[in-house]
Amino acid sequence: MTARHIRRIAALGSSYAAGPGIEPVADRRAHRSARNYPQLLAERLGAALTDLTVSGATTETITSTPQRVRFHTFPPQLDGLPADADLVTVTVGGNDLQYIGSMVRLGLAGRFSSGRLSRPLGTMLSRDGVPRPSEADIDRAAAGLARVVEEVRGRAGDARVILVDYLTVVGPDTGYGRATPFDETTLEEFRRLGGQVTDVFTRAATDTGAELVAMGLRSRDHALGSPHPWVTGLPERLSRSGIMGAFHPNSAGMRAVADAIADQL
């Protein structure tokens, strides 16, 4: 199926697809932008879009478990998948390994630790450090992502399924700063964890035969600290919306993802 044959797109995924912090907002409860990569791709192809992405999603909340976000409960995303979808994009798995959530937590810890009054809060937030998933944890996340692919094929049998990896956040040029308040050991730990998230996508693509748009590799030179980053750092002003969008794709990053998928098609 080529790009010109795609008339309906369905998007499944977490915040790396939903686009928190990017205006305008399409669904405030889902922290979903109207300018995320599914929206940009649908516009480019002239296709209808069913955007089911929800920030904080895991592979389980896509396949089988309702997702509670404050006072609202989202059903499993697959419940809303249209059977006539021609293309289904999937970006999920990072939350299964506590990837971006731990980066936000430790970023806040680093920022708070620089102030005398806020230092105890910084110490508390940094106590658990960067997650260190076991091989079994990575296997479970990859199996969960593979299950998403198989469930999509069972519900939308004619759809082309594309896994879309997470953009690189901590790259070779990322160093300590206000937007990235991590020491070198923590930065290296996040490079390792980001590589494990990438590994989840590679394993799931291999196990299912699904297509993979490897944004981790494509964005390596656009991480934080690069001349033209595709992701945001911790904002100077710590508002709720700014924290939600920290260490996530920015507008340029979302355009890069949409472009990469279009190239793949």
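Residues take numbers from 1 onward in each chain, read along the sequence in its written order. In keeping with the model being predicted, local features are shown solely for residues with a pLDDT of at least 70 and side-chain atom pairs are shown and tallied solely at 80 or more, while totals for entire chains, interfaces and linings include all residues. To obtain the side-chain values, all non-hydrogen atoms of the structure were used and water was disregarded.

1. As for the nonpolar core
To keep it simple, the criterion reads: Nonpolar cores were defined as sets of buried Ala, Val, Leu, Ile, Met, Phe, Trp, Tyr and Cys residues, with membership established by side-chain atoms within 4.5 Å. Burial classification: accessible surface area is computed with a 1.4 Å probe over protein chains only, and a residue below 20% of its type maximum counts as buried, one above 50% as exposed, and the rest as partly exposed. Numbering of helices and strands starts at the N terminus; helices are DSSP runs of H or I of at least 4 residues and strands are runs of E of at least 2. Throughout, a residue-residue contact means that at least one pair of heavy atoms, one from each residue, lies within 4.5 Å.
Ranked by size, the top nonpolar core spans 73 residues in total, and within it L12, V88, V90, L163, V169, F247 and I261 carry the most contacts. Tallying contributions element by element places helix α7 (residues 184-208) first for this core, with 8 residues. Aside from chain neighbours lying at most four places away, what touches V90 is L12, Y37, L145, V148, V161, I162, L163, V164 and F201.

2. As for the side chain of T50
Rule in force here: What qualifies as a polar contact is a pair of N or O atoms within 3.5 Å, subject to a donor-acceptor requirement within protein and to the restriction that residues adjacent in sequence count only when both atoms come from side chains.
Of note, T50 is situated in strand β4 (residues 48-51). Residue class for T50 comes out buried when judged on its relative accessible area of 17%. Polar contacts involving the side chain of T50 include one to the side chain of R8, which spans 3.2 Å. In this view, T50 contacts R8, I9, A10, A11, G80 and P82; residues no more than four positions away in its chain are not counted.

3. Here we look at the packing of helix α6 (residues 135-155) against α7
We count it as follows: Each axis is a line fitted through C-alpha atoms, and for a helix only the stretch in contact is used; angles between axes span 0 to 180 degrees, taken between their N-to-C directions. Angles below 35 degrees are treated as roughly parallel, those above 145 as roughly antiparallel, those between 65 and 115 as roughly perpendicular, and all remaining angles as oblique. Crossing handedness is read from the near helix: turned anticlockwise from the far helix by less than a right angle, it gives a left-handed crossing, and turned clockwise, a right-handed one. Gly is placed with the polar residues, together with every amino acid not listed as nonpolar (Ala, Val, Leu, Ile, Met, Phe, Trp, Tyr, Cys and Pro) or charged (Asp, Glu, Lys and Arg).
At a closest axis distance of 8 Å, the pairing of α6 and α7 adopts a crossing angle of 45°. It follows from the interaxial angle that α6 and α7 lie oblique. Crossing handedness for the pair α6 and α7: right-handed. For the pair α6 and α7, contact is made by E135, I138, D139, A141, A142, L145, A146, V149, E150 and R153 and by Q196, D199, V200, F201, R203, A204 and T208, respectively. Its residues assigned to classes, the contact of α6 with α7 shows 9 nonpolar, 2 polar and 6 charged.

4. Quick look at the pattern of salt bridges
For the record, the criterion: What counts as a salt bridge is simple: a side-chain nitrogen of Lys or Arg found within 4 Å of a carboxyl oxygen of Asp or Glu.
Under the definition given, this model contains 19 salt bridges. Note that R32 and D51 form a salt bridge whose closest N and O atoms lie 3.8 Å from each other. With R32 in strand β3 (residues 32-33) and D51 in strand β4, this residue pair connects regions lying 19 residues apart in the sequence. The residue D199 makes a salt bridge to R203 at a minimum N-O spacing of 2.9 Å. In this pair, D199 and R203 both sit in helix α7, 4 residues apart, roughly one turn of the helix. Relative accessible area serves as the criterion here: at 27%, D199 is assigned to the partly exposed category. One network of salt bridges, with partners in common, ties together D79, R147, E151 and R155.

5. Details of the pairing of strand β8 (residues 160-164)
Formally: In this scheme, strands are said to pair when DSSP sees at least two bridges between them. Handedness of a crossover is defined as follows: with both strands directed away from the viewer, a clockwise route from the first strand across the helix to the second makes it right-handed.
The buried count for β8 comes to 5 of 5 residues, which makes it a mostly enclosed element. Where burial is concerned, the two faces of β8 agree: the one with R160, I162 and V164 and the one with V161 and L163 are both buried. Examined bridge by bridge, strand β7 (residues 87-91) and β8 share 4 bridges and lie parallel to one another. Across the sheet, the residue bridging to V90 is L163, located in β8. Of the pairings in the sheet, the one linking β8 to strand β9 (residues 211-213) comprises 3 bridges and is parallel in character. By the bridge assignment for β9, L163 is matched with L212. Taken together, β8, α7 and β9 form a β-α-β motif whose crossover is right-handed.

6. Points about the pairing of strand β1 (residues 8-13)
The element β1 is largely enclosed, with a buried count of 5 among its 6 residues. Where β1 and β4 come together, 4 bridges link them in parallel fashion. Each residue of the ladder has a partner; that of R8, found in β4, is A48. As paired strands, β1 and β7 are joined by 5 bridges and run parallel to one another. Bridge pairing in β7 places A10 opposite V88.

7. A few points about the sheet that holds β4
Note on sheets: strands pair through backbone hydrogen bonds, and any given pair is parallel or antiparallel. One open sheet holds the 5 strands; their spatial order is β4-β1-β7-β8-β9, and the pairing between them is parallel. The open sheet is flanked by β4 and β9, the only strands paired with a single partner. Strand-to-strand twist across the sheet, computed as the mean angle between neighbouring axes with direction ignored, equals 25°. Where α7 meets the sheet, its contacts fall on β7, β8 and β9, and the angle it forms with β8 comes to roughly 160°.

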